[in-house]
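Each chain, letter by letter, is given below.
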Amino acid sequence: MSGLPDKPTDPTPASASAGVAFVAVFGACIAGSTDPRQTAPLLLEAIGLTLLIGGGLLRRRRYRLVGSAVTGFGFIVATVALGASVTLSLPLSPLLILLASGSGTLLVTLGVFPVYGRFARSFTTAGVALVFAGVTATALIDGAPLWRSTVAVTMVLLSWDTAERAVTLGERVGGAAETRSVELAGAMASSGVALIAIILTIAVSRIPAIGSSIGGLALLLVATTTFLLALAHFPQMPTPRQ
Amino acid sequence: MTARRTTRWNSALIAALLTSGIGALVADPTLLLLSIPPVVFAVYSHVPASPATTLELERSCTEPAPSHGQAVEVTVTLKNAGDRTLPNVCLVDGVPPMLSVTDGSARHAAALGPGDKTTFSYTVTAKHGTHRFRPAAVVLEDISGSVAVETNVETETELACRSPVRTATLEQIAHRYAGSTITVDNGHGTVFSTVRSYQPGDPQRTIDWNRYARDRELTTISFRDERSRATLLCLDAREVCYRSDSSDEPHAVFYACTVARELLDTIATANGPVGLAVFGTKQRYITPNTGAHHVETIRQTLNDPKLLPLEPPNRTRPGDTDELPIRPLRTRFGEASILLISPLLDDSPLETARTLRTDGQPVTVISPAVTATRSLGTAVAGLRRDNRLGALRRSNVTVIDWDPETALETAIRAGANR
Amino acid sequence: MSNPRSIIRWISAAGGILSLCAGLAVLVAPPIGGALHWPWDDEILLVAFFVVVFVIAGLLLPFVLLDDSDRADRTPPEPIPSTPPPGRGLEHVLDRRWLLSLPPARRHRVRGGLRRTTIRTIVRTEGCATETARDHLADGTWTDDPVAAAFVRPEPESDGSLLRSLRERLYFTRRARRTARAVLMLAAEDARR
């Protein structure tokens, strides 16, 4: 029989990866926002979330009362910042985008720095999906510059990868175990891939369009679909190996 | 060892599909281009090679033979003996089931280059008994986390928290109300028995020729056979015995096995015949005998996880009789001294011991105390056990009440001298 | 390559490369593009592509949400496998803080168990015969607590009246608790002697 035993007593997500995920998701929101009225509430929310994270760390170091107070205060600051953005007289679509990004960031933070132990993975998945929706909507509706949208989308993917790693490590070995080398190796590899993704996207955008044949476009779309199918991972039964 | 592909990176593909699909629908080239980063991440998930299971494990304990309650630090070293980097190794050490981790973590994660080692430590609190570490469970992942290889890494480690019985004799423990030998007066033995006048028909070899030469009187010498009384270790391992006084203490069946192992060593040292009867979810009988091979068979039976599982078995179905059987003890082992090892948490062992004692069979009950006093309910359970111990003593059954916080030998001496 | 998934993957990748090359060729060499005749409206292509990728995304989504777990059915190594303390069942009756209504069969079992325990404790502490202990139980002289004495006294449970049955049901736990305390006190006094 193989496979790890059930969850550890303290399945807190790995802290370094959680930190990277938080920075990346917040970076994605900032890169994806085009209006200062979007950026300001996000910055305020980030301050609140930083307090929330700090409070969590204090609670783990046995300053339970102070930690809980700081966590609560941080949460209030973050939600008030997000709620107050409604008063900034933003048009509906940027407001919705801001709310999606802001609440996504909040969910990701609550997922990787959990106040309540359960639902870490659900929170991060939902949060990343909201931020992704926000940054792509900004690119689509607000016409954000390509480089900003590319950086935002890439950072969303980076935050998702690191958040997944944090949650998985937490579930496998727990918050008390030493995990830094795994987190560092994974974060460095993912950051490298993210950099390649940004460079490649911007490079492709610079290729001048030669023709405008609909047949050519159709073939390119077919190529895209088949490539994506080739890259899909399908579930499989574990195979015994020697 | 098993390997499987995870499906986590399909998230990136879904992102790529949605951006390119919506981009095509609304004819927005920016959105089409934004499908490139997820595609790059999806490609990345296919690039790294599957990790190789080239791990070696070393495990050491600060004290391999600790005393009960002593803190023991376990140090685990994991080495990548292969020539490829293992970027994500998650390990959960196989802590013996009856030991709890009191400090540190028995789990560890590391990235290991070729030849690299990683070391971690944790502390367990020793409990009576021999504790074997299980294989460490390992999950290896490639750098992208798209392939997970699950395997076990094994190294033999044992923590022997012994409570040996050195000074108490087998007579004190098992044969208190009967001799340690059984006499069979069949006239053909090797031990001198009686001398009587010759009677016609007595075999010539039984005549005392020396006496005849001296006194001219024909006498016949009679011999008898004497053999050591066998000891039968009876283990009460029914579902009702899987009880412990607190959540970080082993249950009574584990302690009963520990007692059986210690007594087995004592009996084997005295070269007495010893047998085994296990009454658990399954029953097993080993007829008393002597010899190293026989003792080893009993020892292995006591270590059999199917016969004596460390984890509590499922509850018996309502209506199933969960009584200790008396008949085999009476019929098959009628001449043996019975050492009944039971926590006495119900009346069945009490009735069995009293019935056997009434039949004249020597019975000793060794009872690991696992009752708690944390509440009224558990205190009443403790009182009931005390009453059973009292009832056994009144029935001339030797009773050894063993509190696992003390040495077994102390309890045996106290019980034998009572 | 013998794995069907690998075969599908390679066929898809080969198809993708061919389509990509052809598409680029069409875009690079406009005459080839002009020769290709697209029979439908341009937008149908884009809508069809959207529908196809949306369906594929929908098919992949469950695989993400229901990712295989690497968790085997093994208990965690840190704690000792949990086993209850002796008397857990009785604890549920005697140590419950809120009002508990037990079915008659359970009440009968609990009362019978406490009665046996009391008799055995009297036998052990006083060194008397079981019959004598039963007599003590019957006349209630084993304890100063009248509630406990009444609880284990061998007498008809109920005269069948509804009020009495209700009283019995409501006060059962409290009376059982008093009895348990009384019998424990009896044993403790003996231990002190």
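Residues numbered from 1 in each chain as written. Chains lettered and ligands numbered in written order. Predicted model: local features only at pLDDT ≥ 70, side-chain atom pairs only at ≥ 80, totals over all residues. Heavy atoms only, no water.

- If you look chain B up in an unreviewed UniProt entry, it shows as DUF58 domain-containing protein from Natrialba taiwanensis DSM 12281.

**Regarding the overall build of chain B**
Thinking step 1. When helices and strands are tallied, chain B shows 11 helices and 20 strands.
Thinking step 2. Its C-alpha radius of gyration of 32 Å places chain B more than 25% over the 22 Å reference for a compact globule of 418 residues.
Thinking step 3. A principal-axis box enclosing the C-alpha atoms of chain B has dimensions of 130 × 55 × 40 Å.
Thinking step 4. Burial statistics for chain B: of 418 residues in total, 57% are counted as buried. (Helix = DSSP H or I, 4+ residues; strand = E, 2+ residues; numbered from the N terminus. Rg over C-alpha atoms; globule rule 2.2 N^0.38 Å. Buried < 20%, exposed > 50% of the residue type's maximum accessible area, 1.4 Å probe, protein only.)

**Re unusual backbone geometry**
Residue and element names in this part refer to chain B.
Thinking step 1. Phi at Arg 216 takes a positive value of approximately 60 degrees, unusual for a residue other than glycine.
Thinking step 2. Looking at the element boundaries, Arg 216 is found in the loop between helix 5 (209–215) and strand 14 (219–228).
Thinking step 3. Positive phi is not limited to glycine here, since Asn 396 has a value of about 60 degrees.
Thinking step 4. With respect to the helices, strands and loops of the structure, Asn 396 is situated in the loop between helix 10 (376–394) and strand 20 (398–402).

**Some remarks on the domain arrangement of chain B**
Thinking step 1. For chain B, the assigned domains are domain 1 (2–44), domain 2 (55–161), domain 3 (170–177 + 229–416) and domain 4 (185–228).
Thinking step 2. The distance between the C-alpha centroids of domain 2 of chain B and domain 4 of chain B comes to 69 Å. (Domains from an automatic or database assignment.)

**Overview of the pattern of salt bridges**
Thinking step 1. For the structure shown, the criterion picks out 31 salt bridges over all chains.
Thinking step 2. Glu 239 of chain B serves as the salt-bridge partner of Arg 243 of chain B, at 3.9 Å between the closest nitrogen and oxygen. Of the two residues examined, Arg 243 of chain B and Glu 239 of chain B, each falls in the buried class.
Thinking step 3. One salt-bridge network, in which partners are shared between bridges, spans Arg 121, Asp 161, Glu 164, Arg 165 and Glu 171 of chain A together with Arg 8 of chain B. (Salt bridge = Lys/Arg side-chain N within 4 Å of Asp/Glu carboxyl O.)

**As for the nonpolar core**
Thinking step 1. Core analysis: the biggest nonpolar cluster contains 42 residues, and Leu 233, Leu 235, Leu 263 and Leu 308 of chain B have the highest contact counts within it.
Thinking step 2. Contributions of two or more residues to this core are made by helix 4 (170–173), strand 15 (231–236), helix 6 (252–269), strand 16 (274–279), helix 7 (292–302), strand 18 (337–341), strand 20 and helix 11 (408–416) of chain B.
Thinking step 3. A total of 11 residues in this core trace back to one element, the largest contributor, which is helix 6 of chain B.
Thinking step 4. Within the second largest apolar cluster, 37 residues are counted, among which are Val 156, Leu 157, Val 193 and Ala 197 of chain A. (Core = buried A, V, L, I, M, F, W, Y, C linked by side-chain atoms within 4.5 Å.)

**Quick notes on the side chain of His 294 of chain B**
Residues and elements named next belong to chain B.
Thinking step 1. Among the secondary structure elements, His 294 is positioned in helix 7.
Thinking step 2. Here His 294 falls in the buried class, since its relative accessible area comes to 11%.
Thinking step 3. With residues near it in sequence (within four places) discarded, His 294 still touches Val 274, Ile 286, Thr 287, Pro 288 and Asn 289. (Contact = heavy atoms within 4.5 Å.)

**Some remarks on the side chain of Ser 149 of chain A**
Thinking step 1. Residue position: Ser 149 of chain A is located in helix 6 (residues 146–173).
Thinking step 2. Ignoring sequence-local partners within four residues, the contact set of Ser 149 of chain A consists of Ala 139 and Ala 144 of chain A together with Leu 34 of chain B.

**Quick word on the packing of helix 3 (residues 64–84) of chain A against helix 4 (residues 92–112) of chain A**
Residue and element names in this part refer to chain A.
Thinking step 1. One way to put it is that helix 3 packs onto helix 4 with a least axis distance of 10 Å and a crossing angle of 165 degrees. Judged by the inter-axis angle, helix 3 sits roughly antiparallel to helix 4. For the crossing formed where helix 3 meets helix 4, the hand is left-handed. Facing Phe 75, Ala 78, Thr 79 and Leu 82 of helix 3, the residues of helix 4 in contact are Leu 98, Leu 99, Gly 102, Ser 103, Leu 106 and Leu 110.
Thinking step 2. Among the residues making up the contact of helix 3 with helix 4, the classes are represented as 7 nonpolar, 3 polar and no charged. (Axes fitted to C-alpha atoms, helices over the stretch in contact; angles between N-to-C directions. Parallel < 35°, antiparallel > 145°, perpendicular 65-115°, else oblique. Left-handed = near helix turned anticlockwise from the far one by under 90°. Nonpolar A, V, L, I, M, F, W, Y, C, P; charged D, E, K, R; others polar.)

**Observations regarding the packing of aromatic side chains**
Thinking step 1. Counted according to the given criterion, the structure contains 11 aromatic pairs over all chains.
Thinking step 2. With centroids separated by 6.4 Å and ring planes inclined at 25 degrees, the aromatic side chains of Phe 120 of chain B and Tyr 122 of chain B adopt a geometry described as stacked.
Thinking step 3. For Phe 120 of chain B, a relative accessible area of 8% puts it in the buried group.
Thinking step 4. You can call Tyr 122 of chain B buried: its relative accessible area is 1%.
Thinking step 5. Taking the centre distance of 6.2 Å and the plane angle of 55 degrees together, the rings of Phe 254 of chain B and Tyr 255 of chain B count as tilted. Of the two residues, Phe 254 of chain B and Tyr 255 of chain B, both sit in the buried class.
Thinking step 6. Taken together, Trp 160 of chain A together with Trp 9, Phe 41 and Tyr 44 of chain B form an aromatic cluster joined through their ring pairs.
Thinking step 7. Residue placement shows Arg 8 of chain B over the ring face of Trp 160 of chain A; its charged tip is 5.3 Å from the ring centre.
Thinking step 8. Over the face of the ring belonging to Phe 151 of chain C we find Arg 111 of chain C, whose NZ or CZ atom lies 4.5 Å from the ring centre. (Phe/Tyr/Trp six-rings, centres within 6.5 Å; stacked < 30°, edge-to-face > 60°. Lys NZ or Arg CZ within 6 Å of the ring centre and 35° of its normal.)

**Quick look at the pairing of strand 4 (residues 86–94) of chain B**
Residue and element names in this part refer to chain B.
Thinking step 1. Extensive coverage of strand 4 is indicated by the burial of 9 of its 9 residues.
Thinking step 2. Examined bridge by bridge, strand 4 and strand 6 (residues 107–112) share 5 bridges and lie antiparallel to one another. Bridge pairing in strand 6 places Leu 91 opposite His 108.
Thinking step 3. Relative to strand 9 (residues 134–141), strand 4 is paired through 6 bridges, and the arrangement is antiparallel. Within strand 9, the residue paired with Cys 90 across the bridge is Val 139. (Pairing = 2+ DSSP bridges.)

**Let's talk about the state of the cysteines**
Residues and elements named next belong to chain B.
Thinking step 1. Throughout the structure, instances matching the rule amount to 0 disulfides over all chains.
Thinking step 2. Here Cys 161 stays free of any disulfide, with the sulfur of Cys 61 as its closest cysteine sulfur at 12 Å.
Thinking step 3. Taking the relative accessible area as the measure of exposure, Cys 161 reaches 1% and is therefore buried.
Thinking step 4. Cys 241 carries a free sulfur, and the closest cysteine sulfur to it, the one in Cys 257, is 11 Å from it.
Thinking step 5. On the accessibility criterion, Cys 241 (1% relative accessible area) is buried. (Disulfide = S-S within 2.5 Å.)

**Digging into the interface of chain A and chain B**
Thinking step 1. Residue-level contacts link 59 residues of chain A with 60 residues of chain B.
Thinking step 2. Between chain A and chain B, roughly 4,900 Å² of surface is buried when both sides are summed, and carbon and sulfur atoms account for 70% of that area.
Thinking step 3. Viewed at the interface, chain B and chain A are joined by 3 salt bridges.
Thinking step 4. The salt bridge partner of Arg 172 of chain A is Glu 141 of chain B, with a shortest N-O separation of 2.8 Å.
Thinking step 5. Linking chain A to chain B there are 6 residue pairs in polar contact (both at pLDDT 80 or more).
Thinking step 6. At the level of elements, helix 5 (120–142), helix 6, helix 7 (180–206), helix 8 (214–231) and strand 1 (239–240) of chain A are the ones that each hand at least two residues to the side of chain A that touches chain B.
Thinking step 7. In the side of chain A that touches chain B, the residues fall into 34 nonpolar, 16 polar and 9 charged. (Buried area = accessible area lost by both parts, 1.4 Å probe. Polar contact = N/O pair within 3.5 Å; in protein donor to acceptor, adjacent residues only side chain to side chain.)

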